[in-house]
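Here is what each chain is made of, one letter per residue.
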Amino acid sequence: MTELLRAAVAGVGGAERPGQTAMAEAVRHAIDNDEHVAVQAGTGTGKSLAYLVPALRHAIESDTAVVVSTATIALQRQLVDRDLPRLAASLADHLPHEPQFAILKGRRNYLCRYKLTAAWPEEEGDQLFDPREVSATGRMVQRIQEWGEETETGDRDELVPGVNEQAWRQFSVSAKECLGAQRCPSGAECFAEQARERAGQVDVVVTNHALLAIDAMEEFDVLPEHDVVVVDEAHELVDRVTSVVTDELSDLTVSAAVRRVGRLIEQGVADRLQEAGEDLKALLAAAPPGRLDQLPQVLGVTLSVLRDAAFTCITAMGSRGGDGRGGGRDKNEDPETAGQRKAAFTALDEVHDTAVRILEAFGGDSEVDRAEVVWLEGATERRSPVLKVAPLSVGGMLRDKLFADRTVILTSATLALGGTFDGMARQWGLGPARPPHAQGQDEPDGESRAEGGRKPWTGLDVGSPFDHARSGILYIARHLPQPGRDGLPKEYLDEIAELIEAAGGRTLGLFSSMRAAKAATEALRERLEVPLLCQGDDSTSQLVQKFADDPATCLFGTLSLWQGVDVPGPSLSLVIIDRIPFPRPDDPLASARQRHVAARGGNGFMAVAATHAALLLAQGAGRLLRGRDDKGVVAVLDPRLATARYAGFLRDSLPPFWTTSDPAKVRAALRRLTTT
């Protein structure tokens, strides 16, 4: 493995790094000994090679694919378009064959050839479009049709510029809606099936956290057979899995089911479902948004009626040939009718099963027994109110469905929060970690497995190639007032202006809300002589590019910028964070999880709110040093980072910058940077 890593590093024109070597050895040890490992590897470590080399070694030796899962499309494309091609070429002479790889996404991401050519009913809008938006969607539909005649992959991400969901949905199907390759007239040339076939023939399959979750939790296999999973960007795994297992119900969900059932059942049966949907619409429109701790009686009755009406429709569909769930239909049924029936079953199942799930969420005797949380999202200009239901924890699912039968490698630049892996491990459903073995030592014969037969796991921080204490300053503005709820105080705006003037621009402003980012932009554009961009002025990618191209420019924004900006060099010398990014007090899922932990005897604030804040703080601070020669300041305006009881936990989650609360020293340091 050491020889392979050396060849890989040389092949990509890199240099050997101690952290990369330590990580590769830890991954090799975990794979060879059938256990899990979590590795924190800072920016610049070269973690992709550190997990790909031992993963490829295992895949080729065992003739079994390794799955690499990422959170973002950008990293998927980086792996498939850049890292893996160069790595495969570098290792071709050192392995029995040149490594092969493929990317695999959910079926919704591929163009459906049958929907492209068949007279499939167009989806009606789930949102309220104005005429201009309808026209724009029509142009996107036409562009998809033209692209569909020439694409070789059908991969939505290759359609540039992209299209909105309304247009794309008319030419894609979910796994549940798909007729199946055997029955579909276009099955032999299906893009999704071709992607799955390619994935079944390679050594490394690159996918995303959502599809990984679906593969682990569904009864059918989505991914090829595998025994090793690498979860890159593992700090996002819980949120992505939670999104996959979150269901929602609204009048629009019901209307879609009624439209799809169409003429397939008697009108009177469909009318009862429509009436139940209208009752739900009126009820949700009058209800205040927020978390539901108790099920109101009238909502319970409405959901019960809706559940029963949906089941009656399912039964009526089944009575006309089939088992009521879309299987066992008449083999002579034409594909168009079969497609309509499958779509109808899928929509009806969604309504029925979500209503059942919401009703059952209130079945526990106490908070300790509660397993899920239900909340109402209020109406916006583009959609009506929506009932949502999500699990309070996905740790049990991950433990039983992901970690039980596979070796899992978890890695990110941010995993050790407060200096330990305990917080993330609890969210993943893992028990206490085992002390890591010394480098090069394999598991002794007869060593016991983890408690309860679970695979043991270790946590390893391989550090960073950056000298944080010499390259960066953590400035905590201890003299400022605590942030309030009424927007940015004048003192904060003054502090931001003085810091930007000292830095000569070169500033990334990370704000806890879009409202704060826009307010700061409007207030400071007249005061500052440097260009000031704000998220929403243009696409995020275009704004980041403008920011990177002009060192005098500043960029303000919110959540996606906390984790999605990679700007090495002189264009970024100052990262400003307006406040500790705790979840909003009215966030239904976070607040419910916090209360649930407390009910079970834990510290809900530290387990949920502080862990969330520590993760985002570390991600935001990580925007500063992206190259070996980078220097600068991370300025946190919230004085609680110095004064609160939980401040030590948060600071221990950050890179080890030199820390000060002296604004004069910080401004002087920034001025020196502008002259070097």
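Because the structure is a prediction, the values reported are computed rather than measured.

**Concerning the sheet that holds strand E8 (residues 372–377)**
Argument step 1. Spatially, 4 strands are ordered E6-E9-E8-E7 in an open sheet, and the strand pairing comes out antiparallel. Looking at the sheet topology across the chains shown, the edges are occupied by strand E6 (247–249) and strand E7 (290–292). Direction aside, neighbouring strands of the sheet carry axes that sit 30 degrees apart on average.

**Observations regarding empty space enclosed by the protein**
Argument step 1. Using the criterion set out here, one finds 3 cavities of 30 Å³ or more in the structure.
Argument step 2. The computed volume of the largest cavity comes to approximately 160 Å³.
Argument step 3. In this structure, the largest cavity is lined by 19 residues; those nearest its centre are Arg107, Cys112, Val173, Cys178 and Cys190.
Argument step 4. A per-class count over the lining of the largest cavity returns 12 nonpolar, 3 polar and 4 charged.

**Notes on the side chain of Thr70**
Argument step 1. Its location among the elements puts Thr70 in strand E2 (residues 65–70).
Argument step 2. Given a relative accessible area of 0%, Thr70 falls into the buried group.
Argument step 3. Not counting the four nearest positions on each side in its chain, Thr70 is found in contact with Leu75, Gln76, Leu79, Thr207, Asn208, His209, Asp232 and Glu233.

**Some thoughts on the environment of Ala416**
Argument step 1. With respect to the helices and strands, Ala416 occurs in the loop between strand E10 (407–412) and helix H16 (422–428).
Argument step 2. Not counting chain neighbours up to four residues away, the residues in contact with Ala416 comprise Gln40, Phe421 and Ser653.

**Remarks on the sheet that holds strand E3 (residues 101–103)**
Argument step 1. Spatial strand order, E3-E4-E2-E5-E10-E1-E11: 7 strands in an open sheet with parallel pairing. Looking at which strands have only one partner, the edges of the open sheet turn out to be E3 and strand E11 (457–461). Sheet twist, expressed as the average angle between the axes of neighbouring strands with direction ignored, equals 15 degrees.
Argument step 2. One ladder, built from 5 bridges, connects E2 with strand E5 (residues 226–232); its direction is parallel. Its bridge partner lying in E5, Val67 is registered against Val229.

**Digging into the confidence of the model for the protein**
Argument step 1. Here the protein averages 89 in pLDDT, and 93% of its residues register 70 or above.
Argument step 2. Of the regions scoring below 50 in pLDDT, residues 319–329 engages in 24 contacts with residues more than four places distant in sequence or in other chains.
Argument step 3. For the stretch residues 438–452, pLDDT sits under 50, and the model shows 24 contacts to residues farther than four places along the chain or on other chains.

Rules behind the numbers
- Along each chain, residues carry numbers from 1 onward, in the same order as the chain's sequence is written.
- Totals for whole chains, interfaces and linings use every residue, but because this is a predicted model, local features are given only for residues with pLDDT of at least 70 and side-chain atom pairs only at 80 or more, for both listing and counting.
- The side-chain quantities take in all heavy atoms of the structure and omit both hydrogens and water.
- Only strands that DSSP links by at least two bridges are regarded as paired with each other.
- Put simply, DSSP marks the helices as runs of H or I at least four residues long and the strands as runs of E at least two long, and each gets a number from the N terminus on.
- All axes are obtained by fitting lines to C-alpha atoms, using only the stretch in contact for helices, and the reported angles, taken between N-to-C directions, cover 0 to 180 degrees.
- With a 1 Å grid laid over protein atoms only, a set of points is called a cavity when a 1.4 Å probe fits there but cannot get out and a pocket when it is open yet has protein on both sides within 12 Å along at least five of seven lines; lining residues have an atom within 4 Å of a point.
- Grid points are joined across faces, edges and corners, and a volume is the space filled by probe spheres set on the points.
- For this scheme, ten residues count as nonpolar: Ala, Val, Leu, Ile, Met, Phe, Trp, Tyr, Cys and Pro. Four count as charged, namely Asp, Glu, Lys and Arg, and the remainder, Gly too, count as polar.
- Think of it in three bands: with a 1.4 Å probe and only protein chains considered, a residue is buried below 20% of the maximum accessible area for its type, exposed above 50%, and partly exposed in between.
- The criterion used for residue contact is that any of the two residues' heavy atoms lie within 4.5 Å.
- The predictor's confidence in any single residue is recorded as pLDDT, a number from 0 to 100.

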